[in-house]
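# Architecture and fold: a report
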Amino acid sequence: MQSFIQIAIPFVLISFLIYRRVKRSIGFQRFSPKRMQFRIILFGILGLVMLALGFLHPILFLADGIGITCGAVLAFYAIRHSVFEWRDTILYSRTHVVIESTVIILFLGRVLYRILFVFNGVKNTAAASDPNQMQQYTKDPFTVAIFLVIVAYYMAYYTFVIRKGKSLIVEKQ
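First, a word on what this report is: a plain description of the structure on this page. Counting of residues starts from 1 at the beginning of each chain's written sequence and follows it residue by residue. A pLDDT threshold of at least 70 governs which residues receive local features in this predicted model, and a stricter bar of 80 or more applies before side-chain atom pairs are shown or counted, although totals over entire chains, interfaces and linings include all residues. For side-chain calculations, the full set of non-hydrogen atoms in the structure is used, while hydrogens and water are omitted.

So, on to the pairing of strand β3 (residues 90-94). Direction of pairing for strand β1 (residues 29-30) relative to β3: antiparallel, over a ladder of 2 bridges. Residue pairing across strands places R30 opposite Y92, the latter belonging to β3. When DSSP locates at least two bridges between a pair of strands, those strands are taken to pair. In DSSP terms, a helix is any run of H or I states spanning at least four residues, a strand is any run of E spanning at least two, and both are numbered starting from the N terminus. One ladder, built from 5 bridges, connects strand β2 (residues 83-87) with β3; its direction is antiparallel. Note on β3: the bridge partner recorded for V83 is R94. Counting the residues that bridge the hairpin from β2 to β3 gives 2 residues, and of these D88 lies at a positive phi of roughly 60 degrees.

Take the side chain of E100 next. Within the element layout of this structure, E100 appears in helix α4 (residues 97-119). Think of a polar contact as two N or O atoms within 3.5 Å of one another; within protein, one of them needs to be a possible hydrogen donor and the other a possible acceptor, and neighboring residues in sequence only count if both atoms come from side chains. Of the polar contacts made by the side chain of E100, one reaches the side chain of Y154; its length is 2.7 Å. Setting aside residues no more than four positions away along its own chain, E100 makes contact with S25, I26, T95, Y153 and Y154. Contacts are residue-level and defined by heavy atoms, with any inter-residue pair within 4.5 Å sufficient.

What holds strands together in a sheet is hydrogen bonding between their backbones, with the strands either parallel or antiparallel. If you trace the 3 strands from one edge of the open sheet to the other, you get β1-β3-β2, paired in antiparallel fashion. Single-partner strands in this sheet number two, and they are β1 and β2. Geometry is summarised by axes, namely lines fitted to C-alpha atoms with helices restricted to the contacting stretch, and by angles between N-to-C directions that run from 0 to 180 degrees. Taken strand by strand, helix α7 (residues 141-172) contacts β2 and β3, and its axis lies near 45 degrees from that of β2.

Given two aromatic rings, one states the distance between the centres and the angle between the planes to describe the pair. Any Phe, Tyr or Trp ring, taking Trp's six-membered ring, that has another such ring centre within 6.5 Å forms a pair; planes under 30 degrees apart are called stacked, those over 60 apart edge-to-face, and the others tilted. Enumeration according to the criterion identifies 7 aromatic pairs in this entry. When the ring of Y153 is compared with that of Y157, the centres are 5.8 Å apart and the planes differ by 5 degrees; the resulting orientation is stacked. With Y153 and Y157 both in helix α7, this residue pair falls 4 residues apart, about one helical turn. Burial status follows relative accessibility: with a 1.4 Å probe on protein chains alone, a residue under 20% of its type maximum counts as buried, one over 50% as exposed, and anything between as partly exposed. By relative accessible area, Y153 is classed as buried at 0%. With a relative accessible area of 5%, Y157 lands in the buried category. Clustering of aromatic rings is evident, with ring pairs tying together F43, Y153, Y154, Y157 and Y158.

Attention now goes to the nonpolar core. Ranked by size, the top nonpolar core spans 25 residues in total, and within it Y153 and Y154 carry the most contacts. Of all elements in the fold, only α2 (33-53), α3 (61-80), α4 and α7 reach the threshold of two or more residues within this core. Of all the elements, α7 adds the most residues to this core, at 13 residues. Apart from the residues within four sequence positions on either side, Y153 is in contact with G71, L74, A75, A78, T95, I99, E100 and V103. To qualify as a nonpolar core, a set must consist of buried Ala, Val, Leu, Ile, Met, Phe, Trp, Tyr and Cys residues joined through side-chain atoms within 4.5 Å.

Positionally, V103 belongs in helix α4. Once residues lying within four places of it in the same chain are set aside, the contact partners of V103 are L74, I150, Y153 and Y154.

Moving on to the packing of α3 against α7. The angle between the axes and the distance between the axes are what describe a pair of packed helices. Close contact between α3 and α7 brings their axes to 7 Å; oriented N to C, the two are set at 35 degrees. Where α3 crosses over α7, the two elements pack in a sense that is right-handed. From α3, A63, D64, G67, I68, C70, G71, A72, L74, A75, A78 and I79 reach across to α7, where they touch P141, V144, A145, L148, V149, A152, Y153, A156, Y157 and F160. Only Asp, Glu, Lys and Arg are considered charged, only Ala, Val, Leu, Ile, Met, Phe, Trp, Tyr, Cys and Pro nonpolar, and every remaining residue, Gly among them, polar. When its residues are assigned to classes, the contact of α3 with α7 shows 18 nonpolar, 2 polar and 1 charged. For a crossing to be left-handed, the near helix must be turned anticlockwise from the far one by less than a right angle; the clockwise case is right-handed.

In structure tokens, the structure reads:
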């Protein structure tokens, strides 16, 4: 019973977080520049931390570059397919469903991979005893690349949405 609870609680928590992420990502989203600015800053800080930790393993700079480039390409296509809509006096925006789904699938695929990696007991004991837990995520080039895809995508896309949304608000007034 104890092992069931140890598995069930994280599973329910992760499922709830995934549900919230999908709900907030797909479909029309209310224009909220302060929330987007906060996320840009947060993603920027986390991205810089990942890049800084890459100095410990310089070979990961290739994964960094690939991740940032792929995120920028996704953001470019998301910007081209963005739609803004007024509902009463509130501005909403959305991007192409396939682009947003791609970002979510990349994230979820990597999370599921890490969960399976841990549950199968393949976890490196040296990484587990490492006092700097963040380093275990920066040693894997796939994790770093996918994380930087997400960082680059959201930073570029949210910057566009904020600028475009503010210009649409000024036009309406």
